[in-house]
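Secondary and tertiary structure notes
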Amino acid sequence: CMVWRRREELGGWSRHEAIFLIAYPRMKFWFARVLLLLALQGCRSLRYLGELELKQTPGGLFGAVTNGQDAWFGVDGYPAMIVRVRLRSSAKTSQQEDLVSAAGSPMLEVGRLMLKKEEERLWALVAEPLKEGSSSWFAYVGVGNPPGRLVKVNLLSMERVGYVQLTTSDIRGGVVVGPHAYFVTSAKPATVLRCPTEEMFHGDSFRPLEVALALGEHNVQAVFADSDGKHIVLGTYTQPARIIKLAIPDMTKSASLTLPKQEQMIYCGALWEEHGIFGTSTLPGRLVKVNLQSMTHVSSVEFFRAEDRAVSIVVWRGQAFVGLANEWEQDTSSIIQVDLATMKEVAALVTPRGCTWLYAAVGWQDEALFGSRYHDSSFITRISLPVAKPDIPEIPSGNASGQDAIRLSWTRPFPRYHTGGSPIIGARVLVRPAWHWDWTEEHVYGLAAPDPYAPKHGIGRIVRVHEDPSDLLDEGYGAVVDGLEPMESYKFAVILTNSAGASHRSRSSQAIMTTFSAWLELSILGIAIILDVLFIFIWIASAYGKNLLTSDYSHPEDLLPDDASGAEGGRSFFHVMASWNSEGAMLVTVICGYLFMAAPAHVAFDRYMLKPQRLDDLVCVGISAVFLVSLAALTWSTMGILWGMRKQRQHRVRAWAVAGTGTLWATSTSAIAMCMAWSGSSPSPNGSKIAITVSLQLLLLFAAGSFLEVVVLFSSRRSPSKPPAVASLPEWIMAL
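Residues numbered from 1 in each chain as written. Predicted model: local features only at pLDDT ≥ 70, side-chain atom pairs only at ≥ 80, totals over all residues. Heavy atoms only, no water.

Re helix H6 (residues 617-647)
Along its 31 residues, H6 runs 45 Å from first to last C-alpha, staying within 8% of the 45 Å computed at 1.5 Å per residue. Here H6 has its buried residues at Cys-620, Ile-623, Ser-624, Phe-627, Ser-630, Leu-634, Ser-637, Gly-640, Ile-641 and Gly-644. (Helix = DSSP H or I, 4+ residues; strand = E, 2+ residues; numbered from the N terminus. Expected span 1.5 Å × (residues − 1). Buried < 20%, exposed > 50% of the residue type's maximum accessible area, 1.4 Å probe, protein only.)

See the structure below:
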């Protein structure tokens, strides 16, 4: 069996480890190693390779160099020191170390070099070019106290060679080109010192060639040589920042460039082809690209909020890996990957707990190391630079966008932290009905890699290819799955693809339902619109057929069938209403009561259409009852219109037409709500807007028609010539 566990180590979680328990007495140990090696190759989607805690390093790490086998980090302490870290171990002390080394040797501190007690605050660590087969590799350490002191050390033997007092200002950086070393200071304006490496430490009386920059060009932090080794490039920590190019070895200024206003306080720099790449210590940080041949500003990228202070850079194969000087709430920071050709962020990595303020960085082949600062115990984070497979996608979620389509999203917060270092170029969406036990369809978007777990025999899956690149939404983290059945629940899973390959499959989503049938939706709304137009036409025809103000609208029995005036049991109600001395009061009462119920009902319908949700069975039964009553009322209103037309009573036809618009509103809204409630589905976005618009139109037409009927009633009032007949309450309400 194989057990995966995440162990807590040195105060923060370490890498994933595979622990194999092979319960077979005859299994050879070499075979177990082969299995582990294969498993770890399949888990290369993690770009984070591990971290190392360096205890008792107050002030943190500042400056780093490496020869591939070991790495040396400067410690900004009291006194300053240099820590040597073993990156790759050739010795195997145990079987457990042998297993771990198959995935990459763990980092190990192997030595420390303490400078003199008075040599405090390490500001620069500059190494000479490494000579193959040499027993010495010299580096130069600039300390803050005493200011301007430069200490020479042998990194391989971890010995202090000597020192020289170059200037009175802090030495902030440097580079060795040929027989000379060039150092920059924090003076205002800054100065550049040229020192021959062979003569520099032959006595304290040595004086370098010192050149002062122009006014405003002070506090240089970034310095490196150009591609042909004929110039050194400087970046100033000013507002705005300046890029300066000096010819070497004569130390004459060749050109300078003032960057835009927002690009200020350059803290680090690196060379990429004919371009200089500079990081700014701003909030948030920025990465600036400058053409060093023409000394022109090419482009820049501003990081996202809270990704502050770009203070270290490792350039590898057209990609810049930028360390940030910040500290999030979880005591972590970020390493941002930027594609230098397009100057766009393509990936990011959250550092382990405690690894923040990444002022030290160095790269070698396909790995990079970032060191933290401002902690009593510093951390070194080790990452893999080659593109890795995307992280496992989030569980897909989405909403129905139609009767046959669902809009899915599987994005994560800060998605570029999960791309594996390369943009998402394809996605494979697995589909199955919610009741089915296996995936039945595959929707292919972009250059999606195949699913390794797809069935090799049998019927197989239905594959739908979406050839349009725009079908892959949200930079690879969303898509619209079409070809589905209306009012059907589906589940989904996703496999993402970048240039390194396919991710693991996501977990299955919850059931997501498509909308109810467009035919049903259009039928309900279409019938409502047709009847609405018909009622309006009938009302207009009735109004022109007989003068409104001369309509015989004096008695309530005109609105009822001929035998209704003699209904028993209604006289008591009419005697109550007779105190109002007007049938108009009854009409207004019924209309206001209906609108009083209809207005909040329409608001609830509007909310339910915009945000559908599951309803209890009791609520569904109530909506169905409302639909049945509304349908009966609509039928009664239609019969009343036909009866009034037969009797040639135009005023009755108008009244029934107005009542029909009200019952039509109740019928259409309750029908749509009933379909949504019982099926659990929802209308399409456009369908919900149309339904809300039609429903509001019907309600407004009823209100307008009722108001006009009331006006007509009160305008045509006259003294009754006969005692008013009695109308029963239920029949009166149904008539309106």
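Things to note about the pattern of salt bridges
Counting across every chain of the model gives 19 salt bridges. The salt bridge partner of Asp-76 is Arg-121, with a shortest N-O separation of 2.7 Å. In this pair, Asp-76 sits in the loop between strand E7 (70-75) and strand E8 (81-86) while Arg-121 sits in strand E10 (residues 120-127), placing the two residues 45 residues apart along the sequence. Among the residues examined, Asp-76 registers a relative accessible area of 3% and is labelled buried. Residue classification places Arg-121 among the partly exposed residues on the basis of a relative accessible area of 24%. Arg-461 is the partner of Glu-442 in a salt bridge, and the nearest nitrogen-oxygen pair spans 2.5 Å. With a gap of 19 residues between them, Glu-442 in strand E36 (residues 441-446) and Arg-461 in the loop between E36 and strand E37 (462-466) connect regions that are remote in the sequence. The class for Glu-442 is buried, based on a relative accessible area of 5%. With relative accessibility at 14%, the residue Arg-461 sits in the buried group. (Salt bridge = Lys/Arg side-chain N within 4 Å of Asp/Glu carboxyl O.)

Remarks on the nonpolar core
Counting 33 residues, the largest nonpolar core has Met-609, Ile-641, Leu-664, Trp-665, Ile-672, Ala-691 and Leu-698 as the members making the most contacts within it. Elements supplying a minimum of two residues to this core: helix H3 (518-545), helix H5 (583-610), H6, helix H7 (650-679) and helix H8 (685-715). The element contributing the most residues to this core is H7, with 14 residues. Not counting the four nearest positions on each side in its chain, Leu-664 is found in contact with Ala-528, Leu-531, Asp-532, Phe-535, Leu-634 and Leu-698. (Core = buried A, V, L, I, M, F, W, Y, C linked by side-chain atoms within 4.5 Å. Contact = heavy atoms within 4.5 Å.)

What to know about the sheet that holds strand E31 (residues 367-371)
In spatial order, the strands read E5-E32-E31-E30; together these four strands make up an open sheet with antiparallel pairing. Lying at the two open borders of the sheet, with one neighbouring strand each, are strand E5 (48-54) and strand E30 (360-364). The mean inter-strand angle of the sheet, taken between neighbouring strand axes irrespective of direction, is 15°. Relative to E31, E30 is paired through five bridges, and the arrangement is antiparallel. Bridge pairing in E31 links Gly-363 to Ala-368. (Pairing = 2+ DSSP bridges. Axes fitted to C-alpha atoms, helices over the stretch in contact; angles between N-to-C directions.)

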